[in-house]
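Secondary and tertiary structure notes
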Amino acid sequence: MAFENPSREEIKRILEQVGNIAVVGLSDKTDRTSYMIAGAMQSKGYRIIPVNPAAAGKKILGETCYASLQDVPEPIDLVNVFRRSEYCADVARDAAAVNARTLWLQLGIVSEEAAAIASEHGMTVIMDRCIKVEEAITRPVRL
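Residues numbered from 1 in each chain as written. Predicted model: local features only at pLDDT ≥ 70, side-chain atom pairs only at ≥ 80, totals over all residues. Heavy atoms only, no water.

1. Thoughts on the overall build of the protein chain
Counting its secondary structure elements, the protein chain contains 5 helices and 7 strands. Helices (α) and strands (β) of the protein chain occur, in sequence order from the N terminus, as α-β-α-β-β-β-β-α-β-α-β-α. Compactness check: the protein chain gives a C-alpha radius of gyration of 14 Å against a globular reference of 15 Å for 143 residues, within 12% of the reference. With the principal axes as the frame, the protein chain shows a C-alpha extent of 40 × 30 × 25 Å. Residues counted as buried form 49% of the 143 residues belonging to the protein chain. (Helix = DSSP H or I, 4+ residues; strand = E, 2+ residues; numbered from the N terminus. Rg over C-alpha atoms; globule rule 2.2 N^0.38 Å. Buried < 20%, exposed > 50% of the residue type's maximum accessible area, 1.4 Å probe, protein only.)

Here it is, written out as structure tokens:
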């Protein structure tokens, strides 16, 4: 069976209910797509947790950056991934280890292996979609 992203209605529900969003591969460089998208989500009221071993311990978007998902000291609802496809299976395993509810691979990123791993662990999987675009389309109300 071919992978299919959740419906827009389901994506809207996910975005309305999400608490912490761990952004794997979030760059500390302001001109990078990951930084711009995470910043836009943060400005909409979402809690962003940077995850990038190269920037661990630094502040990105005012939040402490962690080397790995396992290092994050609080619950993670959604893992938003800005890594190449070949690294996504490992990210999915890490997301499962921290009991994330959703694995979201950004626009241009597809990994059937990561999707299978995440699905096996009960996560909702979204691939090849931009979280900022989906948030704008579904316009969930953030309180």
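2. Observations concerning the UniProt feature "domain: CoA-binding" (unreviewed entry) in the protein chain
UniProt marks residues 15-109 with the feature "domain: CoA-binding" (unreviewed entry), using the numbering shown here. In residues 15-109, helix accounts for 25% and strand for 23%; the two terminal C-alpha atoms are 19 Å from one another. (UniProt positions renumbered as here; feature names shortened; annotations may be inferred.)

3. Some details on the sheet that holds strand β1 (residues 20-24)
If you trace the 5 strands from one edge of the open sheet to the other, you get β2-β1-β5-β6-β7, paired in parallel fashion. Each end of this open sheet is capped by a strand with a single partner; those strands are β2 (47-51) and β7 (124-126). The mean angle between the axes of side-by-side strands here comes to 20°, regardless of whether they run parallel or antiparallel. (Pairing = 2+ DSSP bridges. Axes fitted to C-alpha atoms, helices over the stretch in contact; angles between N-to-C directions.)

4. A closer look at the packing of helix α1 (residues 8-17) against helix α5 (residues 131-138)
Running from N to C, α1 and α5 cross one another at 100°; their axes reach a closest spacing of 10 Å. Put simply, α1 runs roughly perpendicular to α5. Contacts between α1 and α5 involve Arg8, Ile11, Lys12 and Leu15 from the first element and Ile131, Glu134, Glu135, Ile137 and Thr138 from the second. Taken together, the residues that form the contact of α1 with α5 break down as 4 nonpolar, 1 polar and 4 charged. (Parallel < 35°, antiparallel > 145°, perpendicular 65-115°, else oblique. Contact = heavy atoms within 4.5 Å. Nonpolar A, V, L, I, M, F, W, Y, C, P; charged D, E, K, R; others polar.)

5. Digging into helix α2 (residues 33-43)
Burial in α2 covers these residues: Ser34, Ile37, Ala38, Gly39, Ala40 and Met41. In this structure, the buried side of α2 is in contact with α1, β1, β2 and α5. In the segment just after α2, Gly45 is the residue with positive phi, at about 105°.

6. Observations regarding the nonpolar core
Residues Leu69, Val79 and Leu103 are the most contacted members of the largest nonpolar core, which totals 27 residues. Among the elements of the structure, β1, β2, β5 (78-81), α3 (88-97), β6 (102-105) and α4 (112-120) are those that each provide at least two residues to this core. When residues in this core are grouped by element, the largest group, 6 residues, is from α3. Excluding its chain neighbours within four sequence positions, the residues that come into contact with Leu103 are Val79, Val81, Val91, Ala92, Ala95, Ala114, Ala118, Met123, Thr124, Val125 and Ile126. Core analysis: the next-biggest nonpolar cluster, separate from the first, contains 22 residues, Ile14, Val23, Met41 and Leu78 among them. (Core = buried A, V, L, I, M, F, W, Y, C linked by side-chain atoms within 4.5 Å.)

7. A look at the pairing of β1
Here β1 lies mainly inside the structure; 5 of its 5 residues are buried. By the alternation rule, side chains of β1 split into Asn20, Ala22 and Val24 and Ile21 and Val23, which are all buried. Both β1 and β2 contribute to a ladder of 5 bridges, which runs parallel. Bridged to Asn20 within β2 is Arg47. Chirality of the crossover, the property in question, places the unit of β1, α2 and β2 among those that are right-handed. (Right-handed = clockwise from strand over helix to strand, strands pointing away.)

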